[in-house]
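Structural characterization, general
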Amino acid sequence: MDHTMTLVHVEVISTRNLNIVREAQSYGAPRIAVQVMIQEFDRVSNSNIYGQELWTDVRPGAVQQNFNAGEMEFRVRKPVDSKLIFIVSNLDENNPAYRFCGELRMNVSKLTPGAFAVTDTFNLDTSAYFPQRQITGDITLSIKYIPGAPQAQYSNVQAYNPQSFEPVGRMPQTALP
């Protein structure tokens, strides 16, 4: 039995220059949060399985949001078949098309392995669910990728059942509109 699992440490640092669409009843600076999750493609069922899902804290601001949310750890069983997904949302909007501010998808196996985190800024993109939505802005991330980490490196972190894809974290209740 293989007792290794790929670890991906992610810190959402900031978002900038988002195209915020506002409904008439929305006032003040929008409340922005970033959802981070793992998506694994299952070759047997030919479908996507969503794994861990975590949210940053909520930050107000119209031009730039600085998160300082701390590091999130994701454990990945099959890096070749997995993507890391970042979805930026305006939590003040009820309409999903207005709530969506952009996304970033990264193939886990394409990340550069190393002992140190790499910080970079990425352009946000549109989603298949909202193809007409004009997306602008970027997201700055710090990512450390540790392929095939021994189980001892993550055994003291939250309990994780490698046979299950139950989310470890949920959107904070204070972030709900």
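In the block above lies the structure referred to throughout.
Here is a short report on the structure shown in this document. (Residues numbered from 1 in each chain as written. Predicted model: local features only at pLDDT ≥ 70, side-chain atom pairs only at ≥ 80, totals over all residues. Heavy atoms only, no water.)

**Considerations on the nonpolar core**
Counting residues in each nonpolar core, the largest one holds 31 residues, and the members touching the most others are Val8, Phe74, Leu84, Phe86 and Ile139. Excluding its chain neighbours within four sequence positions, the residues that come into contact with Ile139 are Val12, Ser14, Thr15, Val34, Phe86, Val88, Leu104, Asp120, Thr121, Phe122 and Leu124. (Core = buried A, V, L, I, M, F, W, Y, C linked by side-chain atoms within 4.5 Å. Buried < 20%, exposed > 50% of the residue type's maximum accessible area, 1.4 Å probe, protein only. Contact = heavy atoms within 4.5 Å.)

**Some thoughts on the environment of Leu84**
Along the polypeptide, Leu84 turns up in strand 7 (residues 82-90). Sequence spacing of Leu84 and Leu104 is 20 residues, and the spatial spacing of their C-alpha atoms is 8.1 Å. For Leu84, the contacting residues outside a window of four places in its chain are Val8, Val10, Val36, Met37, Ile38, Phe74, Leu104, Arg105, Met106 and Val108. (Helix = DSSP H or I, 4+ residues; strand = E, 2+ residues; numbered from the N terminus.)

**Description of the layout of surface pockets**
Looking at the second largest pocket, its volume works out to about 220 Å³. Along the walls of the second largest pocket sit 14 residues, with Gln35, Ile87, Phe100, Tyr129 and Phe130 positioned nearest its centre. If you list the elements that add at least two residues to the lining of the second largest pocket, you get strand 2 (31-42), strand 7, helix 1 (96-99) and strand 8 (100-107). Grouping the constituent residues of the lining of the second largest pocket by class yields 8 nonpolar, 3 polar and 3 charged. (1 Å grid on protein atoms, 1.4 Å probe; cavity = no way out; pocket = protein on both sides within 12 Å on 5 of 7 lines; lining within 4 Å. Points joined across faces, edges and corners; volume = space filled by probe spheres on them. Nonpolar A, V, L, I, M, F, W, Y, C, P; charged D, E, K, R; others polar.)

**A short note on unusual backbone geometry**
Here the phi dihedral of Asn17 falls at roughly 55 degrees; this positive angle occurs in a residue that is not glycine. Residue placement: Asn17 occurs in the loop between strand 1 (4-16) and strand 2. According to the relative accessible area criterion, Asn17 is partly exposed, its value standing at 43%.

**What to know about the pattern of salt bridges**
Counting across every chain of the model gives 7 salt bridges. When the shortest N-O distance is used, the salt bridge between Arg16 and Asp138 registers 3.0 Å. Within this pair, whereas Arg16 is found in strand 1, its partner Asp138 is found in strand 10 (residues 138-150), the two being separated by 122 residues in sequence. For Asp138, a relative accessible area of 8% corresponds to the buried category. Salt-bridge contacts for Glu40 lead to Lys78; the nearest nitrogen and oxygen are separated by 3.7 Å. With Glu40 in strand 2 and Lys78 in the loop between strand 6 (72-76) and strand 7, this residue pair connects regions lying 38 residues apart in the sequence. The class for Lys78 is partly exposed, based on a relative accessible area of 36%. (Salt bridge = Lys/Arg side-chain N within 4 Å of Asp/Glu carboxyl O.)

**A look at the pairing of strand 2**
For strand 2, a buried count of 10 out of 12 residues is recorded, marking the element as mostly surrounded by other parts of the structure. Bridging between strand 2 and strand 4 (residues 59-60) involves 2 bridges; their strand directions are antiparallel. Across the sheet, Arg31 pairs through a bridge with Pro60, a residue of strand 4. Pairing of strand 2 with strand 7 involves 9 bridges; the strand directions are antiparallel. By the bridge assignment, Ile32 is partnered in strand 7 with Asn90. (Pairing = 2+ DSSP bridges.)

**A look at the side chain of Gln65**
Within the element layout of this structure, Gln65 appears in strand 5 (residues 64-66). Among residues more than four places away in sequence, those in contact with Gln65 are Ile13, Ser14, Thr15, Leu18, Ile32, Arg59 and Pro60.

Coordinates in, geometry out; function isn't part of it.
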